[in-house]
Amino acid sequence: MKVLVPVKRVVDYNVKVRVKSDQSGVDIANVKMSMNPFDEIAVEEATRLKEAGVATEVVAVSCGVAQSQETLRTAMAIGADRGVLVQTDVELQPLAVAKLLKALVDQEQPKLVILGKQAIDDDANQTGQMLAALLGWPQATFASKVEVQGDKVQVTREVDGGLETIALTLPAIVTTDLRLNEPRYVTLPNIMKAKKKPLDTVTPESLGVDVAPRLKTLKVVEPAARKAGIMVPDVATLVDKLKNEAKVI
Amino acid sequence: MTTLVIAEHDNAQLKAATLSAVAAAAAIGGETHVLVAGSGAQAVAEQAAKVAGVSKVLLADGAALEHGLAENVAAQVLAVAGNYSHILFPATAAGKNVAPRVAAKLDVAQISDIVAVESADTFQRPIYAGNAIATVQSSDSVKVITVRTTAFDAVAAEGGSAAVETVAAVADSGTSSFVGREFAKSDRPELAGAAIVVSGGRGLGSAENFKILDPLADKLGAALGASRAAVDAGYAPNDWQVGQTGKIVAPQLYVAVGISGAIQHLAGMKDSKVIVAINKDAEAPIFGVADYGLVGDLFQVVPELTEAI
């Protein structure tokens, strides 16, 4: 069983981004970029499926600028067998990414695609579900447990109020939540090995996909700042403030 | 211009998240219809018909819709989508699961997690864990949107008198099936909609210590929440997580206990009306967003606070 894992290059989760003064977006020049954390969990899960003898090949895919190659190398250092970069400088929105991935799925014919549930830059939480719809495949989003059983995959999902378990007929789409696994630490020998793994580059044009953005960003601003608070010396003062000043208790 | 709001419900009760989505629909303007897709959900449709500002309720009642499987619910929405300019889902686990399927099938972009409506085609949404707010304009013929429920004041649950129209329910996709559900029973209010939230972080130190928050939450009638660090450490269940990738809350009062305040956590609670932070580290970033900060040992402060209110 082949598993496809899309990975996105995003601003590292430790970086607090700044809004550009001309309100055209956030300033990502010279900030640390990393693999989207949810995608790392997806690569780890696919790798574990391979180590368990369930998956036969793990293919990592990234859509975006040339530097996304680094993200693919990280995926291969975790355990992906090869990488495919869909290279473009166009701003890619989730629907466009889903269409690119559909074109690659049509070529690669995986039985399972595991994606992060959301990217921590645009926080859209769309691509996996959109890909499932375009392929006509079933989906299990926000997965905290994945078990492949023959031609089915049983997935426990994190939903409002607790956990839900569903079963999907393969081929299927899974999107990862935080508790699915803890990605391994990438070792230097594996980084070296990853450099020798195959990495193909294609373009949206070669896949026949129109990636023109559908949403226009008119401006990007800082959120309204909270009014500065005060420090209180003790519990009695706190309770007094909550009762008489804030009037919330 | 007519907006379709997809109801959040459990086949018995209409959930409050729907009322916030209806509020967003009202801000867009035009008529508002509500789709109730469920099984044995007649009572939900009747509740939806009473919601202020709703002019029609569509009830799709069928076995395939009982558990809210994304494939079936999306097919149901698509079956009635033809007449609508906007399709709104509350940005809940269920809404986020289904909305992108609908958007992709309609070949339109989805606008996720809107926090304000500027016009019928222009919306504000948070990006980068709420560290920036983007204003986006859609040129698509249909706008598929998820609504951040904390950003829109719920409309009145009573007062409307919409007609309920039954529509044919879709057949099962045959590709997915429901296996089971584990929902913790609790007498406390639901985290996402609670007026007061008491949240604990890594500072609690253990699942056992986390229980120190119970009497405080009981006394305040609060929901319990947690930081990602506390959930990852196993101190609190997954669905208590407040933050960028967990629940977004905006209660009247948010009490953060032993939470340092990583940006991912702040993303989930910084729109709360009043924030109280209790932490032994005076430098903790949580104090930067707190209205009232108290530096101290939570194991002394929390019982004292519980006693004092």
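Described below are features of the structure shown in this document. (Residues numbered from 1 in each chain as written. Chains lettered and ligands numbered in written order. Predicted model: local features only at pLDDT ≥ 70, side-chain atom pairs only at ≥ 80, totals over all residues.)

Turning to the overall build of chain B, a few remarks are in order. What chain B contains, in helices and strands, is 9 helices and 16 strands. Computed over its C-alpha atoms, the radius of gyration of chain B comes to 20 Å, within 12% of the 19 Å expected for a compact globule of 309 residues. Principal-axis analysis of the C-alpha atoms places the extent of chain B at approximately 60 × 40 × 40 Å. Across the 309 residues in chain B, those meeting the buried criterion constitute 60%. For chain B, the share of sequence-separated contacts (at least 6 apart) that also reach a separation of at least 24 residues comes to 66%. (Helix = DSSP H or I, 4+ residues; strand = E, 2+ residues; numbered from the N terminus. Rg over C-alpha atoms; globule rule 2.2 N^0.38 Å. Buried ≥ 20, exposed ≤ 12 C-beta atoms within 10 Å, placed from the backbone. Contact = placed C-beta atoms within 7 Å.)

Check the secondary structure of chain A and you find 7 helices and 15 strands. When each of the 249 residues of chain A is scored for burial, the buried share is 49%. Long-range contacts, defined as pairs at least 24 residues apart, comprise 68% of the intrachain contacts of chain A with a sequence gap of at least 6.

The strand order across the open sheet formed by 4 strands is β14(A)-β8(B)-β7(B)-β6(B), and the pairing between neighbours is antiparallel. Each edge of the open sheet carries a strand with a single partner, namely β14 (215-221) of chain A together with β6 (116-119) of chain B. Going across the sheet, the axis of each strand differs from the next one's by a mean of 30°, ignoring polarity. In the sheet, β14 of chain A pairs with strand β8 (residues 132-138) of chain B via 6 bridges, with the strands oriented antiparallel. Residue L215 of chain A lies in a different strand from β8 of chain B, and its bridge partner there is S138 of chain B. (Pairing = 2+ DSSP bridges. Axes fitted to C-alpha atoms, helices over the stretch in contact; angles between N-to-C directions.)

Strands pair in a sheet through their backbones, by hydrogen bonds, and they do so in one of two ways: parallel or antiparallel. In spatial order, the strands read β15(A)-β16(B)-β15(B)-β14(B)-β12(B)-β13(B); together these 6 strands make up an open sheet with parallel pairing. Two strands close off the open sheet at either side, each with one partner strand: β15 (230-231) of chain A together with β13 (223-226) of chain B. Summarising the sheet, β15 of chain A and strand β16 (residues 292-295) of chain B pair through 2 bridges and their orientation is parallel. Directly across from I230 of chain A, in β16 of chain B, lies its bridge partner Y292 of chain B. Running over the sheet, helix α6 (residues 213-220) of chain B touches β12 (196-200), β13 and β14 (253-257) of chain B and is turned about 175° from β12 of chain B.

Turning next to the environment of L59 of chain B. Residue and element names in this part refer to chain B. Along the chain, L59 falls in strand β3 (residues 56-61). We classify L59 as buried; it has 22 C-beta atoms within 10 Å. Each C-alpha atom of the pair L59 and S141 lies 25 Å from the other, and the pair is 82 residues apart in sequence. In this structure, L59 is in contact with V36, A41, Q42, A45, V164, T166 and V167, ignoring residues within four places of it in sequence.

Another point: helix α2 (residues 68-78) of chain A. Of all 11 residues in α2 of chain A, 8 are buried, a share of seventy percent or more. Inspection of α2 of chain A places S68, T71, L72, T74, A75, M76, A77 and I78 of chain A among the buried residues, and these make up the whole buried set.

Counting residues at the interface gives 72 residues for chain B and 63 residues for chain A. Its residues assigned to classes, the side of chain B that touches chain A comprises 37 nonpolar, 21 polar and 14 charged. (Nonpolar A, V, L, I, M, F, W, Y, C, P; charged D, E, K, R; others polar.)

All right, on to helix α3 (residues 94-108) of chain A then. All names here are of chain A. Taking 1.5 Å of rise per residue, the 15 residues of α3 would be expected to cover 21 Å, and the 20 Å separating its terminal C-alpha atoms lies within 8% of that figure. Extensive coverage of α3 is indicated by the burial of 11 of its 15 residues. Taken together, the buried positions of α3 are P94, L95, A96, V97, A98, K99, L100, L101, K102, L104 and V105. A positive phi of about 55° marks Q109, the residue just after α3. (Expected span 1.5 Å × (residues − 1).)

With that settled, consider the nonpolar core. Counting residues in hydrophobic clusters, the biggest one holds 195 residues, and the most contacted among them are V5 and A60 of chain A together with V36, A48 and V276 of chain B. Once you skip the residues sitting within four places of it in the chain, V5 of chain A turns out to touch A42, V43, A46, V58, A60, A75, A80 and I114 of chain A. (Core = buried A, V, L, I, M, F, W, Y, C linked by C-beta atoms within 7 Å.)

Bringing the packing of α3 of chain A against helix α4 (residues 127-135) of chain A into the picture now. All names here are of chain A. α4 packs onto α3 with a crossing angle of 50° between their chain directions and a minimal axis gap of 8 Å. What the angle tells us is that α3 and α4 run oblique. Crossing angle aside, the handedness with which α3 passes α4 is right-handed. From α3, P94, L95, V97, A98, K99, L101, K102 and V105 reach across to α4, where they touch T127, M130, L131, L134 and L135. (Parallel < 35°, antiparallel > 145°, perpendicular 65-115°, else oblique. Left-handed = near helix turned anticlockwise from the far one by under 90°.)

Residues and elements named next belong to chain A. Assignment of secondary structure puts R18 in strand β3 (residues 18-19). Spatially, the C-alpha atom of R18 lies 34 Å from that of D200, the residues being 182 residues apart in sequence. Those residues in contact with R18, other than ones at most four positions away along the chain, are V26 and D27.

Before going further, it helps to examine unusual backbone geometry. Note: most residues except glycine have negative phi, and most peptide bonds are trans. The omega angle of the peptide bond from L170 of chain A to P171 of chain A is 0°, so this bond is cis rather than trans. Residue position: P171 of chain A is located in the loop between β11 (162-169) and β12 (172-176). At N125 of chain A, a residue that is not glycine, the phi angle is positive and equals roughly 60°. Judged by the 26 C-beta atoms lying within 10 Å of it, N125 of chain A is buried. Phi angles above zero are rare outside glycine, and N11 of chain B is one such case at about 75°.

As a further point, take the pairing of strand β1 (residues 2-6) of chain B. Residues and elements named next belong to chain B. For β1, a buried count of 4 out of 5 residues is recorded, marking the element as mostly surrounded by other parts of the structure. As paired elements, β1 and strand β2 (residues 31-38) share 5 bridges and run parallel to each other. Bridge assignment links T3 to a residue of β2, and that residue is T32. A crossover connection joins β1 to the parallel β2 through helix α1 (residues 16-28); in handedness this β-α-β unit is right-handed. Bridging between β1 and strand β4 (residues 86-90) involves 3 bridges; their strand directions are parallel. Within β4, the residue paired with L4 across the bridge is I87. (Right-handed = clockwise from strand over helix to strand, strands pointing away.)

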